[in-house]
Amino acid sequence: MAQTKYIFVTGGVTSSLGKGIIAASLAKLLQARGYKTTIQKLDPYINVDPGTLNPYEHGECYVTNDGAETDLDLGHYERFLNVSTSQANNVTTGRIYQSVIEKERRGEFLGKTVQVIPHITNEIKERVQVLGKSGDYDIVITEIGGTVGDIESLPYIEAVRQLLWELGEDNAIVIHLTLIPFLSAAGELKTKPTQHSVKTLMESGIQADILVCRTEHELSTDLRDKLALFCNVKREAVIQSIDASTIYDVPNLMLKEGLDKVTLKKLRLPEDNQPDLTRWNQFLQRHKNPKNEVNIGLIGKYVELQDSYKSILEAFIHAGAANEVKVNITSVHSEYIDNRTIKEKIAHLDGILVAPGFGERGIEGKIATVQYAREHNIPFLGICLGMQMAVIEFARNVLGLENANSTEMNAKCDHPVIDLMEEQKDITDKGGTMRLGAWKCELKPGSVVSEIYSEKIIEERHRHRYEFNNKYKEQIEAAGLVTTGFNPDTQLVEIVELPSHRWFVGVQYHPEYKSTVANPHPLFVAFVKAALSYKKEKN
Ligand code: GLN
């Protein structure tokens, strides 16, 4: 078997330069040349995973098939590559230490003093090579979170240095992503911060092989020459990454700059064939030339931060392209919705999505929104908490079960139509203990969802503790809200729909995690389509 090649992506100057998108774009180009490629993210924080982080802190928590709660960059990896990631693709400092400490408790270090070097760095090196050693990939791209020079990144940088030495220069390289700021007072792009961050890397014993330079303006030839000379990289290894109107343009921009070519050259891999981006470009073509547009409301409580609903927003881009429709998303804060404001905020929309979430804040606004969508026959999609709110709204306003609620919001409510799952009842730890990852769901023949998926059994990803309370199932169904998806083993209700409505679907799972450029999620595609026909009918 051929040696797996490793690419490390570090960041300099500032955070938020888009390392994840650069890594995903490079991976896309390599994949499009026929290399089996995967991406891994190493995060230098102490949380064992981002599952316990508030979305305001870290954006959305992305969930993989195997139930890992991970960084949202893994979502980009999957959306770009259309290949599933797993627990092994995201490692945090917390997880590294947890595993080293567990080994220490088991006595595996045979009386040695356990130290950052070599024990923590060895653990990091092992985690990096797990994917390579699986034999499933030709190339593994490892993105190091944070910025070089950060105290907390040091063990990662040292682990990378050792790996570069052990694997040899033909098998492992470093791409350093940096910023070339534009000083408007001077009217100039500045290279000094980049020189300094390359130097900081060198102090740790790492020479960057390729520089990817984020910039708002084109880099001149002179500036590229200067960067090459002072940062000690080949001229062809200075890659410009200019701001793009959509992240989906970045693979083509990187192709134009030759990032894939110079990478392959450094790794001594053939670079003369061209990547096949036909399908990718077909998607872009449709995305950029919509024939129609729809306005969809995203009702949630973390709407101030776009990253909180990253996968949902991206799923709409995929579904929009599939329908050749521009999807305009209006984010509506559920806390600001009440009887007085609802009409102005909701009535004009062509489709309404009530978002996932946790806790009590803003739920009455969500319930009022569901009621409006139901009574005014506006296409509605409820995801996870959104589905639970649809059930509560129906129980309260159609069945007249006053005070119906989820026991998450009111443990003592009279009608717990949403209740804690049986297996959750004895769990006290918060981290990694929800119902997570992909579970099978059987679709009821003849339902809207069975037509949308055109499959009998689907698999979707979950992240929740509460569920539809089957004690109320008969009553709810008799009044018209039907259950159309079930876990085949436990009979947990996964989907509800309202046949009397033009398009009303609530799902306990998160379809957004599985939507990719190559495979737009059928539920989002159908929802956008329903919003479009509703809009046409209205006008
Ligand atoms: N808070 C709800 C639960 O735990 C919904 C979770 C979610 O929307 N992801 O069941």
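Details of the structure are given in the entry above.
Residues numbered from 1 in each chain as written. Predicted model: local features only at pLDDT ≥ 70, side-chain atom pairs only at ≥ 80, totals over all residues. Heavy atoms only, no water.

**Student:** Just to check I follow, could you spell out the site of the ligand for this structure?
**Tutor:** In the vicinity of the ligand, the contacting residues are Pro356, Gly357, Phe358, Cys384, Leu385, Gln388, Glu408, Arg463, His464, Arg465, Tyr466 and His510. At a separation of 2.9 Å, an oxygen atom of the ligand approaches a polar backbone atom of Gly357. Here a nitrogen atom of the ligand and a side-chain polar atom of His510 are 3.2 Å apart. Secondary-structure elements contributing two or more residues to the shell around the ligand are helix 15 (385–397) and strand 19 (457–464). (Near = heavy atom within 4 Å. Polar contact = N/O pair within 3.5 Å; in protein donor to acceptor, adjacent residues only side chain to side chain. Helix = DSSP H or I, 4+ residues; strand = E, 2+ residues; numbered from the N terminus.)

**Student:** It is not clear to me how the pairing of strand 19 should be interpreted in this structure. Could you clarify?
**Tutor:** Strand residues, when the strand is regular, have side chains that alternate between the two faces of the sheet. In terms of burial, strand 19 is a largely internal element, six of the eight residues being buried. Pairing analysis gives eight bridges linking strand 18 (residues 435–443) to strand 19, with the strands arranged antiparallel. Among the inter-strand pairings, Gly437 is bridged to a residue of strand 19, identified as His462. (Buried < 20%, exposed > 50% of the residue type's maximum accessible area, 1.4 Å probe, protein only. Pairing = 2+ DSSP bridges.)

**Student:** Explain the nonpolar core to me, please; I cannot follow it from the model alone.
**Tutor:** Within soluble globular proteins, side chains that are nonpolar tend to cluster in buried spots. Ranked by size, the top nonpolar core spans 83 residues in total, and within it Ile7, Phe8, Ile141, Ile175, Ile210 and Leu259 carry the most contacts. Element by element, the count of residues in this core is highest for helix 1 (residues 19–32), at nine residues. When neighbours within four sequence positions are excluded, Phe8 is seen to be in contact with Val128, Thr142, Val160, Leu163, Leu164, Ala172, Ile173, Val174 and Ile175. The next biggest cluster of nonpolar side chains, apart from the first, holds 41 residues, and it includes Val354, Leu498, Phe504 and Tyr534. (Core = buried A, V, L, I, M, F, W, Y, C linked by side-chain atoms within 4.5 Å. Contact = heavy atoms within 4.5 Å.)

**Student:** Sorry, what's going on with the side chain of Lys41 here?
**Tutor:** Looking at where Lys41 falls in the secondary structure, it is placed in strand 2 (residues 37–43). On the accessibility criterion, Lys41 (7% relative accessible area) is buried. Polar side-chain contacts of Lys41 include one of 3.3 Å to the side chain of Asp71. Excluding residues that lie within four positions of it along the chain, Lys41 makes contacts with Asp71, Asp73, Leu74, Tyr77, Asn89, Asn90, Val91, Glu143 and Gly145.

**Student:** Please clarify how the sheet that holds strand 1 (residues 5–11) should be interpreted in this entry.
**Tutor:** Hydrogen bonds between backbone atoms are what pair the strands of a sheet, whose relative direction is either parallel or antiparallel. Spatial ordering of the open sheet is given by 5-2-6-1-7-10-11, a layout of seven strands whose pairing is parallel. The outermost strands of the open sheet, each flanked by one partner alone, are strand 5 (90–92) and strand 11 (238–242). Sheet twist, expressed as the mean angle between neighbouring strand axes with direction ignored, is 20 degrees. The pairing of strand 2 with strand 6 (residues 139–144) spans six bridges and is parallel. Of the residues in strand 6, the one forming a bridge with Thr38 is Val140. Packing of helix 5 (residues 116–133) onto the sheet brings it into contact with strand 1, strand 2, strand 5 and strand 6, and relative to strand 2 it is tilted by some 165 degrees. (Axes fitted to C-alpha atoms, helices over the stretch in contact; angles between N-to-C directions.)

**Student:** Which parts of the structure should I look at to understand the packing of helix 5 against helix 6 (residues 154–167)?
**Tutor:** Describing two packed helices takes the angle between their axes plus the distance from one axis to the other. Where helix 5 contacts helix 6, the two axes come as close as 9 Å, and the packing angle between them is 65 degrees. One element, helix 5, and the other, helix 6, form an angle in the roughly perpendicular class. Helix 5 and helix 6 meet at a crossing whose hand is right-handed. Residues Val116, Ile117, Ile120, Thr121, Asn122, Ile124, Lys125, Val128 and Gln129 of helix 5 touch helix 6, and the partners they reach there are Pro155, Tyr156, Glu158, Ala159, Gln162, Leu163, Glu166 and Leu167. A class-by-class count of the residues in the contact of helix 5 with helix 6 yields ten nonpolar, four polar and three charged. (Parallel < 35°, antiparallel > 145°, perpendicular 65-115°, else oblique. Left-handed = near helix turned anticlockwise from the far one by under 90°. Nonpolar A, V, L, I, M, F, W, Y, C, P; charged D, E, K, R; others polar.)

**Student:** In this structure, what is going on with the state of the cysteines? I would like to understand it.
**Tutor:** Put plainly, two cysteines are in a disulfide when a covalent bond ties their sulfur atoms together. Overall, the coordinates contain zero disulfides when judged by the stated rule. Unpaired in this structure, Cys413 has its nearest cysteine sulfur neighbour in Cys384, at a distance of 18 Å. Sulfur of Cys441: no disulfide; nearest cysteine sulfur belongs to Cys384 and is 13 Å away. A relative accessible area of 1% means that Cys441 is categorised as buried. (Disulfide = S-S within 2.5 Å.)

**Student:** What should I look at first to understand the environment of Val482 in this one?
**Tutor:** Its place among the elements puts Val482 in strand 21 (residues 482–486). The sequence separation of Val482 and Glu236 amounts to 246 residues, and the corresponding C-alpha distance is 60 Å. Beyond its immediate stretch of four places on either side in the chain, Val482 contacts Glu477, Ile495, Val496, Glu497 and Pro499.

**Student:** Honestly, the pairing of strand 23 (residues 504–507) in this entry has me stumped. Any pointers?
**Tutor:** A two-sided burial pattern is seen for strand 23, the buried positions comprising Phe504 and Gly506 on one face and Val505 and Val507 on the other. Of the strand pairs in this sheet, strand 15 (residues 380–383) and strand 23 are connected by four bridges, and their pairing is parallel. Residue pairing across strands places Leu381 opposite Val505, the latter belonging to strand 23. Pairing of strand 22 (residues 493–497) with strand 23 involves three bridges; the strand directions are antiparallel. Residue pairing across strands places Ile495 opposite Val507, the latter belonging to strand 23. Between strand 22 and strand 23, which pair antiparallel one after the other, the connecting turn spans six residues.

**Student:** Would you take a moment to explain the environment of His318 for this structure?
**Tutor:** With respect to the element layout, His318 can be found in helix 12 (residues 310–323). Residues His318 and Ile383, 65 residues apart in the sequence, show an inter-C-alpha distance of 17 Å. Here His318 is in contact with Arg79, Tyr248, Phe283, Ser515, Thr516, Val517 and Pro520, once residues within four sequence places are set aside.

**Student:** What's the story with the packing of helix 7 (residues 192–203) against helix 8 (residues 221–231) in this structure? I'm lost.
**Tutor:** For the pair helix 7 and helix 8, interaxial distance at closest approach is 10 Å and the crossing angle is 25 degrees. By the angle class used here, helix 7 and helix 8 are roughly parallel. Where helix 7 crosses over helix 8, the two elements pack in a sense that is right-handed. Touching Thr194, Gln195 and Val198 of helix 7 are Lys226, Leu227, Phe230 and Cys231, all from helix 8.

**Student:** Just to check I follow, could you spell out a nonpolar patch on the surface for this structure?
**Tutor:** Taken together, the side chains of Tyr97, Ile101, Val116 and Ile117 define a hydrophobic patch exposed on the protein surface, amounting to about 340 Å² of accessible area. Elements supplying a minimum of two residues to the nonpolar patch: helix 4 (93–105) and helix 5. Checked against the element boundaries, Ile101 lands in helix 4. Taking the relative accessible area as the measure of exposure, Ile101 reaches 48% and is therefore partly exposed. (Patch = residues over 30% accessible without salt bridge, like charges linked within 9 Å, V, L, I, M, F, W, Y side chains within 5 Å. Areas by Shrake-Rupley, 256 points an atom, 1.4 Å probe, with all protein chains shown as cover. Salt bridge = Lys/Arg side-chain N within 4 Å of Asp/Glu carboxyl O.)

**Student:** Where do I start with the sheet that holds strand 17 (residues 415–420) in this structure?
**Tutor:** What the three strands build is an open sheet, ordered 16-17-20; its pairing is mixed. One side of each edge strand has no neighbouring strand; the edge strands of this open sheet are strand 16 (404–406) and strand 20 (466–468). Taking each pair of neighbouring strands and ignoring which way they run, the sheet shows an average axis angle of 30 degrees. As paired elements, strand 17 and strand 20 share three bridges and run antiparallel to each other. Among the inter-strand pairings, Ile418 is bridged to a residue of strand 20, identified as Phe468.

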